[in-house]
Structure formats: C-alpha cells, structure tokens
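The chain contents come next:
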Amino acid sequence: MNDTPSDPRLLATCPHCGATNRVPAARIDDHPVCGRCAKPLLDGQVLALGDADFDAVVMATDRPLLVDFWAAWCGPCRMMAPAFAQAAQQLGDGALLVKVDTDANPQLAQRFAIRSIPTLVKIVQGREVARTSGAQPAGAIVQMARG
Ligand SMILES: [Zn+2]
C-alpha cells in the first residue's frame, strides 16, 4: 500500500479488540469497521490527526469537527482528555472529535495560530466557526460541537 498525500490512511486502534487498522481518510464517514472483530472502529471515538492527514479528513467528512489542540507536557490538556473522550461517546455520529498534538504537528498549530493549549476549534465545511481556550468539561464540549 502506498500512502500518497491525496489518500492518506489513518491509524485507528480498535476500541473493542485493540487491533490497529488503517482507514482511508476518504472513508471517514462510511462507518469503517475493524478488520479483526468487525465492530465499529471510529463511532464515538476521538481521532488523532496531524499535518499529514488532517486536510483529507476535513474534506471527506460532512460532520462538524471539533479539534483539540494539545501537547503531552500540558497539564490542563491531560486533564481535559477524559472529558473529550466522554464527549465523543455522547456525540456518536453527530460530530467528529479530533485531537492534534501541537508538538508533533507544527504546521497545523501555526496555520490555526494556536497560542495557548488546550484550544478547541470547531470546523464546519472546512471553515473555522468557533474556538475556545482552556480545559472544558464534557458538557461544554458536547454543546460546542452541537451548537
Ligand atoms: Zn476490533
């Protein structure tokens, strides 16, 4: 399999059996299932994206995206991670919750002019429509994704 910039494959760990799956970004809204256990791979899951695959997913999805810009050294980011995962479960198909490690993906951090983390950015049809900085509880994250 060749990974080209126009058709990047996302690495997704199955929440049910732990198998690593490679999902074409273009199929992000097609309810991809795990190659090993055939259970839903992404529904209700937080998706980790980066400089290489972010744009392909933004173009491929019809859902609103909520992007959590974070870094491993950031205490409030680590605090918010469980709330973000919980929000993803509550939202299910209603939105795509994405996390971007700003240290590993400087291009995205720069393009979105991320100055403090965590920062949540909501993207609809490829355009930023809202952003907020600082750790948020799950309820606020769900509300932002739906609002
Ligand atoms: Zn599985």
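Cut-offs used in this document
Residue positions are counted from 1 within each chain, in the order its sequence is given. pLDDT decides what is reported in this predicted model: residues at 70 or higher carry local features, side-chain atom pairs at 80 or more are listed and counted, and totals for whole chains, interfaces and linings draw on all residues regardless. Remark: hydrogens and water are excluded; side-chain values derive from all non-hydrogen atoms of the structure. Numbered from the N terminus, helices here are DSSP runs of H or I no shorter than four residues, and strands are runs of E no shorter than two. Between the two quantities, the radius of gyration covers C-alpha atoms and the globule rule is 2.2 Å times the number of residues to the power 0.38. Only protein chains enter the area calculation, which uses a 1.4 Å probe; residues under 20% of their type maximum are buried, those over 50% are exposed, and those in between are partly exposed. Note on charges: Lys and Arg go in the positive column, Asp and Glu in the negative column, and His and the chain ends are not counted at all. The location of each charge is read from NZ of Lys, CZ of Arg, CG of Asp or CD of Glu. Whenever a helix is involved, its axis is fitted only over the stretch in contact; in every case the axis is a line through C-alpha atoms, and angles between N-to-C directions fall within 0 to 180 degrees. Any angle that falls under 35 degrees is termed roughly parallel, while one over 145 is termed roughly antiparallel, one within 65 to 115 roughly perpendicular, and all others oblique. Note on convention: the crossing is left-handed when the near helix lies turned anticlockwise from the far helix by less than a right angle, right-handed when the turn is clockwise. What makes two residues a contact is simply this: any of their non-hydrogen atoms within 4.5 Å. Residues are grouped as follows: Ala, Val, Leu, Ile, Met, Phe, Trp, Tyr, Cys and Pro are nonpolar; Asp, Glu, Lys and Arg are charged; every other residue, Gly included, is polar.

A. Up close: the overall build of the protein chain. Helix and strand content of the protein chain: four helices and seven strands. Counting from the amino terminus, helix and strand elements in the protein chain follow one another as β-β-β-α-β-α-β-α-β-β-α. Since a compact globule built from 147 residues should have a radius of gyration of about 15 Å, the 14 Å found for the protein chain is in line with a globular shape. Oriented by its inertia axes, the alpha-carbon framework of the protein chain measures out at about 35 × 30 × 30 Å. Considering the protein chain as a whole, with its 147 residues, one finds that 43% of them fall into the buried category. Across the protein chain, the centroid of the 14 positively charged side chains sits 4 Å from that of the 14 negatively charged ones.

B. Molecular detail of the packing of helix α2 (residues 75–91) against helix α4 (residues 138–146). At a closest axis distance of 8 Å, the pairing of α2 and α4 adopts a crossing angle of 50°. One element, α2, and the other, α4, form an angle in the oblique class. The way α2 lies across α4 gives a crossing that is right-handed. Side by side, α2 and α4 meet where Met80, Ala83, Phe84, Gln86, Ala87, Gln90 and Leu91 of the first sit next to Ala138, Ile141, Val142, Ala145 and Arg146 of the second. Here the contact of α2 with α4 is composed, by residue class, of nine nonpolar, two polar and one charged.

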